[in-house]
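Here's the letter readout for the chains.
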Amino acid sequence: MLLERHFSFPGMAAALRVMLLWICVCIWLQAQVQGALVVSHRDALTQETRNAVTSRSLKKRSTSSANMVEVYNVKVDCTVTYRFAKTVITSKALNKANTSQEIFFEVDLPKTAFISNFTMIIAGQAYAGQVKEKQKAKKDYEKAVSSGQTAGLVKASGRTMEKFSVSVNIEATGSVTFILTYEELLKRKKGHYEILTRIKPEQPVQDFEIIADIYEPQGIAFIEATATFLTNELLSLVEKTVTDTKAHISFSPTLEQQRKCPGCESTIIDGDFIIKYDVRRKETLGEVQIVNGYFVHFFAPPDLPRIPKNVVFVIDRSGSMSGTKMAQTREALKAILKDLHQEDHFALVIFDDEIVTWRNSLVKATEKNVSQAISYVKTIRDNGATDINAAVLRGVRMLVKERKNGSLPERSADMIILLTDGMPNQGESNLTRIQENVRSAVGGKMSVFCLGFGNDVDYSFLDVMSKQNKGLARRIFVGSDASLQLQGFYDEVSSPLLLEVDLRYPDNAVDFLTKNQYTQLFNGSEIVVAGQVTNNDPEHFLVEVFAKGPEKDFEVQGKAHVENMDVTFPEKNYIFGDFSERLWAYLTIQQLLENSDVGTQEEKDARTAKALDMSLRYSFVTPVTSMVVTKPETEEGSGSPLIADKLTEDQRQKAEKQGGISRAGAPHAQSKLHGLSRGSPKQRAPMFKSVADVDGDPHFIIELPERHDALCFNINDEPGTIFNLVRDPKSGFVVNGQIIGKEKIHPDAKVNTYFGRFGINHKKLGLRLEVSTQEIIVFHDGKNFKLLWSDVTSIKEINMELTLARNCSLTVTLRHSVKFEVIRHTKVWKKHQIHQDYLGFYTLDSHHLSALVHGLLGQFYHGVEFEVTDQKDSNAVMYVKQKTLNVTRHWQKDFSRNVTDGENIQCWFVSNNGTGLIDGRASDYIVSGLF
């Protein structure tokens, strides 16, 4: 299970969730090698285009030597021309120490982007990256590792981004400049384009600037710029200049304007800077431009009526969909059904090892039918195995039958939407045969969209099956927003405007054309076609578009417009060199890679070879290339290589299952600073933020939502023992927990222990809570009162907000400090008529706690880096805190969202009371009293 809670913690650069649960502790962290410098790119070319936005992340990690490195410049410069975006991120730092220091540069960028340049400038010398074939770059990396040199790593960062991270040793009083460039074609979603810059400097920077220059010849319909961190004072600093075809946006707060308070070192700038815009759409033909020997055609006609759709929802209800997954699927289906138009037709196919249909045929989406379908959806419960083959074929047969009977509108779109979270284990289980069965049954007559829920499904299987049948696949990440993810995908495909779109260009005037035939054009999207112009006669460059509309055929034609950019914009503020050619190259490579796993082996090899050739020619880091940068020599020896890779979505999913991409070598922490970071080679801060929870038979879980995995360990001791869980000396926030024992069923039986009492104290806010399985005693501001778990109440004061819910959960928010939840459980052994009440503690937000916070839970608020290797079945070797541990794959329970039944979480279990994972020994955390 994946818990999607993201909180910001001092000294941390990524999202980490720490829990002490009923079963054990789990931690997911970004594995890195000593001195690691590999850029491991994630590819979203074949998946999650819903999030095709320009997104960047600049973050900081602080160490004790933080003041010895001055980051004096951070600049994000984005230039957009005809939707093609080029982003250059520059950071500069000075080592003010009298010894050399390791400085780290870290940036989040969109998965859809291709890195095209990375340069380090050290002592006046530039160290630039060189794009090579992936296998050749891999040999460079392996050679460096085998000779004892260090290497590095760039990994996924959440669902839509990937993290570029590099370090370099800078001599005393020396400086370094990092320059990263990446390019991408902005994709129109829901009627607009979006550029998102994630900014988390965590300290003021002397020269900080975000700049975006946008040129769109069609004219800018609207543009808006905002940020999640903008206050009224900062709002005026977002400068926007817009003319008919150009826009300039800048955000450049001074050092003092960045501070949270006068003179303090913390910054108010923490969140997302977002630019949204769209272009004017007057021409039905769209915009066709010829620039520098290449043409690009943007097609999204305005004011088209929608085409009715006929959709069969094929929903997995097997046992693995139990709990939250099934509940979220029901919620999403109810919302989707309500969104159907009356001219649409729909059907529901529910499957496990048996196939059940709500109705035997598709029905019109009348108010009555939709209402009855929603009532049916509410009754769906998980059960049984997974027979994907039979379920999809049932849906296909229903559509084929309705078409044959003439029951569906002639001009309407037929589609299957499959949602599954696992592998086929009933009926036909051979993936290739399932794909062939579906392809044969569909016969090119409908689209198949596949949604893979969680990490247990084979994404590549769904991806290929969708591509074979005019559809696409999408991963649905396990999390609190899974229902919204499902609805978001449906919104993208719910309103087809045109079918069988054919865009034609003169055969004797174009070459190397990108894809120009599309099954559908959906509302809010856009079709982009590009190619090389062989005949520079625009008068004879005729463009034609043919498609099927809801009532009649769509036909339009027109001529291309030739623009001389040097004449139109001699200042070149809004363009960059050969953008039109690079746009064509980007789109061509993207489409080649999207289809590199479809067709005969010969066709696959040909597409891959062409993608490789073009990636090398245009210096793009893609799934078939890598960028290699040789670091400067140090006292320890010659420079080692930085290797930048890009993975497919299938490879990304596999890496997540394995706990990240592993490399040989020992992990070490790192500290980053606003696009730059610093820290000693032996001590670096972790990469993910943490939230700490405690529950059950003292078992601790530390989750990384972005990594979809966790670590876990148990703490065993005698009943009555009190452990310190959290202690923050700066704020005075302390959580201690006392364990209680289960009544023995047999005299020789092992005594299971649980948390039965918590003592929670916040000295600065004058708060003390004593929570037991019977009652809750609150001392605050000289007042005290007692609550019972049977109470339902809410108390709100200036510095404290307390809510006691009917489901035996207590939520407490302390202003500018921490938010946590305590849950009371009752475990029942029916055979022996024994009831055991116990408590769970869940930290929901602790980013205000200081870097000094510690304790069995608190130490993980800073995160912890680890690396898992040598995995065999459920066993593996873990490198953590300069130790080598044997770990085992376990399932544990988290009750934070489902108090009654809990949710299963996979984790790597560290035995022997967490020895090697926790600082010191478990006995070091024993205290004498709750307060």
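Placed above this text is the structure.
This write-up is about the structure you can find in this document. Everything numeric in this text was worked out from a predicted model, so none of it was measured.

Description of helix α7 (residues 431-442)
Compared with the 16 Å implied by 1.5 Å per residue over twelve residues, the 16 Å span of α7 between its first and last C-alpha is a close match. Of all the positions in α7, only Ile434, Gln435, Val438 and Val442 are classed as buried. With its buried residues spanning 100° around the axis, α7 presents them on a single face. Structural note: α7 exposes Thr432 and Ser440 on the side pointing more than 90 degrees away from its buried face. If you follow the buried residues of α7, they end up packed against α6 (388-404), β26 (447-453) and α8 (459-467). The opening residue of α7, the one whose side-chain oxygen lies 3.1 Å from the backbone nitrogen of threonine 432, is asparagine 430. Of the residues trailing α7, glycine 443 is marked for its positive phi of about 60°.

Concerning the sheet that holds strand β30 (residues 517-522)
Strand pairing in a sheet takes place through backbone hydrogen bonds and is either antiparallel or parallel in direction. What the four strands build is an open sheet, ordered β30-β28-β32-β33; its pairing is antiparallel. Each edge of the open sheet is held by one strand with a lone partner, namely β30 and β33 (553-559). On average, each strand axis in the sheet is inclined to that of its neighbour by 25°, with strand direction left out of account. Taken together, the seven bridges between strand β32 (residues 542-548) and β33 define a ladder with antiparallel strand orientation. The residue bridging valine 545 from the neighbouring strand is valine 556, located in β33.

Topic: the state of the cysteines
Where two cysteines share a covalent bond between their sulfur atoms, that bond is called a disulfide. Overall, the coordinates contain two disulfides when judged by the stated rule. Here cysteine 261 engages in a disulfide with cysteine 264; their sulfurs sit 2.4 Å apart. Taking the relative accessible area as the measure of exposure, cysteine 264 reaches 14% and is therefore buried.

Side note on the environment of glutamate 184
Relative to the helices and strands, glutamate 184 resides in strand β12 (residues 175-185). Given the relative accessible area of 2%, glutamate 184 is considered buried. Among the polar contacts made by the side chain of glutamate 184, one reaches the side chain of threonine 112 at a distance of 2.7 Å.

Looking at the packing of α6 against α7
Relative orientation of the contacting elements α6 and α7 amounts to 5°, with a least axis distance of 10 Å. Comparing the axis directions of α6 and α7 gives the class roughly parallel. Residue-level contacts link Asn389, Val392, Leu393, Val396 and Val400 of α6 to Ile434, Asn437, Val438, Ala441 and Val442 of α7. Residues that form the contact of α6 with α7 fall into these classes: eight nonpolar, two polar and no charged.

Remarks on unusual backbone geometry
Notably, arginine 83 is not glycine yet its phi reads approximately 70°, a positive angle. Take arginine 83: its relative accessible area is 0%, and that puts it in the buried class. Positive phi values are uncommon outside glycine, yet lysine 190 reaches one of about 55°. One can find lysine 190 in the loop between β12 and β13 (193-200).

A word on helix α11 (residues 579-594)
Under the 1.5 Å per step criterion, the end-to-end length of α11 is 22 Å for 16 residues, consistent within 8% with the ideal 22 Å. Across the 16 residues that make up α11, a large majority, 14, are buried.

Focus: the sheet that holds strand β19 (residues 287-291)
The strand order across the open sheet built from five strands is β29-β31-β20-β19-β34, with neighbouring strands paired in mixed fashion. What marks the edges here is a single partner per strand, and that holds for β29 (510-511) and β34 (561-562). Relative to strand β31 (residues 527-533), β29 runs antiparallel, the two being bridged by two bridges. From the neighbouring strand, aspartate 511 faces β31, where its bridge partner is glutamine 532.

Quick look at the pattern of salt bridges
Applying the stated rule across the entire model yields 34 salt bridges. Here aspartate 272 ties to arginine 198 by a salt bridge, and the two come within 2.8 Å at their closest N and O atoms. Placement of the pair is aspartate 272 in strand β18 (residues 271-279) and arginine 198 in strand β13, with a sequence separation of 74 residues. Judged by its relative accessible area of 16%, aspartate 272 is buried. Three or more residues are tied together by salt bridges with common partners; here these are Arg83, Arg188, Glu216, Asp278, Arg281 and Glu526.

Notes on the packing of aromatic side chains
Tallied over the full model, the rule gives 32 aromatic pairs. With a centroid separation of 6.4 Å and an interplanar angle of 15°, the aromatic rings of phenylalanine 118 and phenylalanine 178 are classed as stacked. Of this pair, phenylalanine 118 sits in strand β7 (residues 114-122) while phenylalanine 178 is found in strand β12, placing the two residues 60 residues apart along the sequence. Residue classification places phenylalanine 118 among the buried residues on the basis of a relative accessible area of 0%. With a centroid separation of 4.8 Å and 45° between ring planes, the pair formed by phenylalanine 295 and tyrosine 505 is classed as tilted. You can see phenylalanine 295 sitting in strand β20 (residues 294-299) and its partner tyrosine 505 sitting in the loop between β28 (496-504) and β29, a full 210 residues away along the chain. Like phenylalanine 295, the residue tyrosine 505 is buried in the burial classification. An aromatic cluster of at least three residues, connected via ring pairs, comprises Phe84, Phe114, Tyr294, Phe512, Trp584, Tyr586, Tyr618 and Phe620. Over the aromatic face of phenylalanine 298 sits the side chain of arginine 83, whose NZ or CZ is 3.8 Å from the ring centroid. Just above the ring of phenylalanine 779 sits the side chain of arginine 768; from NZ or CZ to the centre is 4.6 Å.

Regarding the side chain of glutamate 216
Position of glutamate 216 relative to the elements: it lies in the loop between β14 (207-215) and β15 (220-227). A relative accessible area of 0% means that glutamate 216 is categorised as buried. Among all residues touching glutamate 216, those that are not within four sequence positions of it are Val80, Tyr82, Arg83, Thr245, Tyr277 and Val279.

Thoughts on the pairing of strand β35 (residues 625-630)
Within a regular strand, the side chains alternate between the two sheet faces. In terms of residue burial, β35 counts as a mostly covered element, since five of its six residues are buried. Sheet topology places strand β9 (residues 130-133) next to β35; four bridges connect them, and they run antiparallel. Each bridged residue has a counterpart across the sheet, and for glutamate 133 the counterpart in β35 is threonine 625.

Remarks on the nonpolar core
Generally speaking, a soluble globular protein has its nonpolar side chains buried in company with each other. With 59 residues, the main nonpolar core has Phe118, Phe251 and Phe273 as its most contacted residues. With six residues, the top contributor of residues to this core is strand β4 (residues 69-81). Dropping the residues within four chain positions of it, phenylalanine 251 is found in contact with Phe208, Glu209, Ile210, Phe229, Leu230, Leu234, Leu237, Val238, Ile269 and Phe273. Of all hydrophobic cores here, the second largest spans 55 residues; its members include Ile776, Leu804, Cys808 and Leu810.

Topic: the environment of phenylalanine 313
On the secondary structure map, phenylalanine 313 appears in strand β21 (residues 309-316). Classification of phenylalanine 313 as buried rests on a relative accessible area of 2%. Taking the C-alpha atoms as reference, phenylalanine 313 lies 7.6 Å from phenylalanine 346; in sequence the two are 33 residues apart. Residues contacting phenylalanine 313, with those up to four places away along its chain left out, are Leu333, Ile336, Leu337, Phe346, Ala347, Leu348, Val349, Ile417 and Tyr490.

Reading the values: rules and limits
Residues numbered from 1 in each chain as written. Predicted model: local features only at pLDDT ≥ 70, side-chain atom pairs only at ≥ 80, totals over all residues. Heavy atoms only, no water. Helix = DSSP H or I, 4+ residues; strand = E, 2+ residues; numbered from the N terminus. Expected span 1.5 Å × (residues − 1). Buried < 20%, exposed > 50% of the residue type's maximum accessible area, 1.4 Å probe, protein only. Arc of directions from axis to C-beta. Contact = heavy atoms within 4.5 Å. Polar contact = N/O pair within 3.5 Å; in protein donor to acceptor, adjacent residues only side chain to side chain. Pairing = 2+ DSSP bridges. Axes fitted to C-alpha atoms, helices over the stretch in contact; angles between N-to-C directions. Disulfide = S-S within 2.5 Å. Parallel < 35°, antiparallel > 145°, perpendicular 65-115°, else oblique. Nonpolar A, V, L, I, M, F, W, Y, C, P; charged D, E, K, R; others polar. Salt bridge = Lys/Arg side-chain N within 4 Å of Asp/Glu carboxyl O. Phe/Tyr/Trp six-rings, centres within 6.5 Å; stacked < 30°, edge-to-face > 60°. Lys NZ or Arg CZ within 6 Å of the ring centre and 35° of its normal. Core = buried A, V, L, I, M, F, W, Y, C linked by side-chain atoms within 4.5 Å.

Note that every value here comes from positions in space, so none of it alone points to a role or purpose.
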